[in-house]
Amino acid sequence: MSKVIVVTSGKGGVGKTTTSAAFAAGLASKGHRTAVIDFDVGLRNLDLIMGVERRVVYDFVNVINGEATLRQALIKDKRVDNLFILPASQTRDKDALTKEGVESVINELKTDGFEFIVCDSPAGIEKGAFMALYFADEAIIVTNPEVSSVRDSDRILGILQSKSRAAENGDVIKEHLVITRYSPERVDMGDMISLEDIVDILSVPLLAVIPESGSVLQASNSGVPVIMDIKSRAGQAYMDMTARFLGEDIPHRFLDIEKKGFFKKLFG
Amino acid sequence: MGLFDIFRRDRKKNTANVAKERLQILIAHEHSRAGAPDYFPEMRDEIMDVIKKYVAVDDKGLNVKLEKGDDYDVLELNITLPERR
Ligand SMILES: Nc1ncnc2c1ncn2[C@@H]1O[C@H](COP(=O)(O)OP(=O)(O)O)[C@@H](O)[C@H]1O
Ligand SMILES: [Mg+2]
């Protein structure tokens, strides 16, 4: 059985691509054959975050248009077994993705034995975001502890619950909340909405909290999904997220203020 | 109280709580509108016109809400009548 999982948020710049890359790499590292698809047509980025930008020959739209086979377009990750990336097209044509085209690619991935198909959604609530979520079985809602992000998450939840194929068939998409760029220090100061309040407002089960961490930028600089930086807090939080998604019962970490020692304060 | 006092007070007051309250109000409002049929705004205006024929209410006095239930939806009309003298 394969599962289609959309990583979505409404708002841009909240950590969808970071999360898609980390989560897909995490699933694959746990032995699951995983494909991650960049739906951000015109603004391809996932390939950069995953460090495969120089290996892009064909893209998602080439496959849909029959200009390349899926096998030709899929990029096999060299570090993690079982991990494949389907890059977005750089075309400016907003209608390049069609429901039929997306469906045929997803179906082919399923028959190819992919267990997880992770769809990295573009920002917005327009066509691109709709295409990324339409065929989803499960959804990961990426939210920052900030008013506009929470509001946009609520709107994208409304779309998932009314416009997706599952909704049209009277089924329910399983929703997971991932709060990223969380800073317990700022929550403590009263500057940042707490995770309890976000869960309360959105009423979606919490899958993970990813702390604000400089290692995310370092990882993207180097083209390595941050989950592979096993020493970093963000990397560990993404590892926990993956394990929890796969059914392990793991307590949340990095929710409270880290007591910094003298050296950590200096070099942390 | 000057403009800057507002910020100073809010800082002490905890802006995260302000954010939470604003979000709760906004999202409740947006949910009450979501899924309303296309004819909804027009119907609202017509209902308003009928009521105005009989009672002196203004637009702020009418609140129309559509609540989504499992088996059926509820159309809720709240009309604030003018004060009795
Ligand atoms: N946990 C985090 N800590 C610090 N920076 C982060 C974190 N998650 C994401 N970022 C940064 O936020 C920016 C947007 O992330 P990205 O994943 O591209 O968002 P999106 O795909 O939603 O537009 C990037 O610069 C990324 O490095
Ligand atoms: Mg992105």
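Just above, that's the structure.
In short, a report on the structure. Because the structure is predicted, anything quoted here is derived from the model rather than measured.

**Focus on the side chain of Ser 213 of chain A**
Mapping Ser 213 of chain A onto the fold places it in the loop between β8 (206-211) and α11 (214-222). Here Ser 215 of chain A takes part through its side chain, which lies 2.4 Å from a polar atom of the side chain of Ser 213 of chain A.

**Description of unusual backbone geometry**
Positive phi is not limited to glycine here, since Asn 82 of chain A has a value of about 70°. Residue position: Asn 82 of chain A is located in the loop between β3 (75-76) and β4 (83-86).

**Comments concerning the site of ligand 1**
Residue and element names in this part refer to chain A. Lining the immediate environment of ligand 1, one finds 13 residues, of which Gly 13, Lys 16, Thr 17, Thr 18 and Ser 213 sit closest. Interatomic distance of 3.2 Å between a backbone N/O atom of Val 14 and an oxygen atom of ligand 1. For the shell around ligand 1, the secondary structure elements donating two or more residues are α1 (16-29) and β8. Per-element accounting of the shell around ligand 1 gives the leading share, three residues, to α1.

**A word on the sheet that holds β8 of chain A**
All names here are of chain A. Strands sit in the order β3-β4-β2-β5-β1-β6-β7-β8 across an open sheet of eight strands; the sheet is mixed. Because the sheet does not close on itself, it has two edges, and the strands there are β3 and β8. In terms of strand pairing, strand β2 (residues 34-38) meets β4 through four bridges, oriented parallel. Bridge pairing in β4 links Val 36 to Ile 85. Lying on the sheet, helix α7 (residues 147-163) is in contact with β1 (3-8), β6 (138-143) and β7 (174-182); it crosses β6 at an angle near 165°. Here helix α12 (residues 233-245) sits on the sheet and contacts β1, β5 (116-120), β6, β7 and β8; the angle it forms with β8, its principal contact strand, is near 170°.

**Some words on the nonpolar core**
All names here are of chain A. One finds Phe 39, Phe 60, Leu 97, Val 102 and Leu 109 to be the most contacted residues of the largest nonpolar core, which totals 52 residues. Sort the elements by how many residues they give to this core and α7 lands first, with five residues. Filtering out sequence-adjacent residues up to four positions away, Leu 109 remains in contact with Ala 35, Ile 37, Leu 70, Leu 74, Phe 114 and Ile 117. Membership of the second largest hydrophobic core comes to 37 residues, among which are Ala 24, Leu 27, Ala 219 and Ile 227.

**Brief notes about the packing of α1 of chain A against α12 of chain A**
All names here are of chain A. Contact pair α1 / α12: the axes reach a minimum separation of 9 Å and the direction vectors enclose 60°. Taken as axis vectors, α1 and α12 run oblique relative to one another. With respect to the hand of their crossing, α1 and α12 are arranged in right-handed fashion. Packed against α1, whose contacting residues are Thr 18, Thr 19, Ala 22, Phe 23, Gly 26, Leu 27 and Ser 29, the element α12 presents Tyr 238, Met 239, Met 241, Thr 242 and Phe 245 at the interface. Each residue belonging to the contact of α1 with α12 can be placed in one class, and the counts come to seven nonpolar, five polar and no charged.

**Some thoughts on the pairing of β4 of chain A**
Residue and element names in this part refer to chain A. Neither face of β4 is left uncovered, since the one carrying Leu 83 and Ile 85 and the one carrying Phe 84 and Leu 86 both have all their residues buried. The pairing of β3 with β4 spans two bridges and is classified as antiparallel. Bridge pairing in β4 places Lys 76 opposite Phe 84. Count of turn residues in the β3/β4 antiparallel hairpin: six residues, of which Asn 82 carries a positive phi of about 70°.

**So, the pattern of salt bridges**
Residues and elements named next belong to chain A. Counted by the stated rule, this structure contains 13 salt bridges over all chains. Here Glu 248 makes a salt bridge to Lys 30, at a shortest N to O gap of 3.1 Å. Placement of the pair is Glu 248 in the loop between α12 and α13 (262-267) and Lys 30 in the loop between α1 and β2, with a sequence separation of 218 residues. With relative accessibility at 36%, the residue Lys 30 sits in the partly exposed group.

Rules of the game
- Residues numbered from 1 in each chain as written.
- Chains lettered and ligands numbered in written order.
- Predicted model: local features only at pLDDT ≥ 70, side-chain atom pairs only at ≥ 80, totals over all residues.
- Heavy atoms only, no water.
- Helix = DSSP H or I, 4+ residues; strand = E, 2+ residues; numbered from the N terminus.
- Polar contact = N/O pair within 3.5 Å; in protein donor to acceptor, adjacent residues only side chain to side chain.
- Near = heavy atom within 4 Å.
- Pairing = 2+ DSSP bridges.
- Contact = heavy atoms within 4.5 Å.
- Axes fitted to C-alpha atoms, helices over the stretch in contact; angles between N-to-C directions.
- Core = buried A, V, L, I, M, F, W, Y, C linked by side-chain atoms within 4.5 Å.
- Buried < 20%, exposed > 50% of the residue type's maximum accessible area, 1.4 Å probe, protein only.
- Parallel < 35°, antiparallel > 145°, perpendicular 65-115°, else oblique.
- Left-handed = near helix turned anticlockwise from the far one by under 90°.
- Nonpolar A, V, L, I, M, F, W, Y, C, P; charged D, E, K, R; others polar.
- Salt bridge = Lys/Arg side-chain N within 4 Å of Asp/Glu carboxyl O.

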